[in-house]
Amino acid sequence: MPETAGPVTELASQYVSQVTKDLEQNVKEQDRVTAEIAALQERLAALQHDHAILLNMQQALGIAAPAASAVVPAPRRKDGGARRPDTKKPGPKKPAAKKPAPRKPAAKKAPAEPAQPAQPKESTQPKEPAQPTLVELVRRYLTEQNEPRSAAEVAEALGRTYPERAVQTKVVRTTLENLVARNGAHRSKQGSSVFYTVAAEPAPEETAGNAEGADPAQ
């Protein structure tokens, strides 16, 4: 048998002994409380019997029953004292509601004069000169070049010169194709690359309204 079997058996026997003692004490306490309840019930029955006899004698003698006899005794607290009946203090009286005073007729307001529209102030700042369109910038750049240029080269050059315009290659290519369609530029193809040169005599309508498909923000 293992060595740990001995301590375990002793611990179990201690628990069994303690539980047995607790059960015996519980049963004894139940018997004591039951006996007290039975004695109190007998005492209550005797008091009720005496109370009935005294009431009959009182009625036979014609004595008016005092008001206190009809009052049921208040239940006792755990500390043995009787509970005091709740006595509510009379609250402050609410003031009587005042009648609303009659309203005086409101005086008629004079019709307000129509407000005159404010006149816009003339701006004293000088007007900024109109910036050149993308079509003008592309034509000007191609005019200054001696060799054909691709759309990527034109966009890169204009982006360095005008960084605030955020020139895009796609928009420049569209502008160049519109110039070609208006006879404002010539297109030549070398392999898979397309190059553009400015026409000798630009069409008169190339500068009107910006090229179709160009970015309006440029």
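Quantities reported herein were computed from a predicted structural model and do not represent experimental measurements.

1. Here's the deal with the overall build of the protein
- Assigned secondary structure in the protein consists of 4 helices and 2 strands.
- For the protein, with 218 residues in total, the buried portion stands at 15%.
- Sequence separation of at least 24 residues holds for 48% of the intrachain contacts in the protein that already meet a minimum separation of 6.
- Carbon and sulfur atoms provide 56% of the accessible area of the protein, an area that totals close to 19,500 Å².

2. What about the pairing of strand β2 (residues 193-198)?
- In terms of strand pairing, strand β1 (residues 185-190) meets β2 through 6 bridges, oriented antiparallel. What sits directly across from serine 188, in β2, is phenylalanine 195.
- A loop of 2 residues connects β1 with β2, the two strands running antiparallel in sequence, and glycine 191 in this loop sits at a positive phi of about 70°.

3. Focus: the pattern of salt bridges
- With the rule as written, the count across this model stands at 4 salt bridges.
- The closest approach of N and O atoms between arginine 32 and glutamate 36, which form a salt bridge, is 2.6 Å. One end of the pair is arginine 32 and the other is glutamate 36, both in helix α1 (residues 5-61) and 4 residues apart, which spans about a single turn.
- With relative accessibility at 39%, the residue arginine 32 sits in the partly exposed group.
- Looking at glutamate 36, the relative accessible area reads 41%, which means it is partly exposed.
- Between arginine 160 and glutamate 156 there is a salt bridge, with its nearest N and O atoms 3.2 Å apart. Taken together, the residues span about one helical turn, with arginine 160 and glutamate 156 both in helix α3 (residues 151-161) at a distance of 4 residues.
- Residue classification places arginine 160 among the exposed residues on the basis of a relative accessible area of 60%.
- Each of Glu29, Arg32 and Glu36 takes part in salt bridges that share partners, so that together they form one network.

4. Here's the deal with the confidence of the model for the protein
- This prediction gives the protein a mean pLDDT of 75; 59% of its residues lie at or above 70.
- Below a pLDDT of 50 lies the segment residues 206-218, which in the model reaches 24 contacts outside its immediate sequence neighbourhood of four places, other chains included.

5. Side note on the nonpolar core
- One finds Val138, Leu142, Val154, Leu158 and Leu176 to be the most contacted residues of the largest nonpolar core, which totals 19 residues.
- Contributions of two or more residues to this core are made by α2 (134-144), α3 and α4 (169-181).
- Ignoring sequence-local partners within four residues, the contact set of leucine 158 consists of Leu134, Leu137, Val138, Tyr141 and Val167.

Rules of the game
Residues numbered from 1 in each chain as written. Predicted model: local features only at pLDDT ≥ 70, side-chain atom pairs only at ≥ 80, totals over all residues. Heavy atoms only, no water. Helix = DSSP H or I, 4+ residues; strand = E, 2+ residues; numbered from the N terminus. Buried < 20%, exposed > 50% of the residue type's maximum accessible area, 1.4 Å probe, protein only. Contact = heavy atoms within 4.5 Å. Areas by Shrake-Rupley, 256 points an atom, 1.4 Å probe, with all protein chains shown as cover. Pairing = 2+ DSSP bridges. Salt bridge = Lys/Arg side-chain N within 4 Å of Asp/Glu carboxyl O. pLDDT = per-residue confidence, 0-100. Core = buried A, V, L, I, M, F, W, Y, C linked by side-chain atoms within 4.5 Å.

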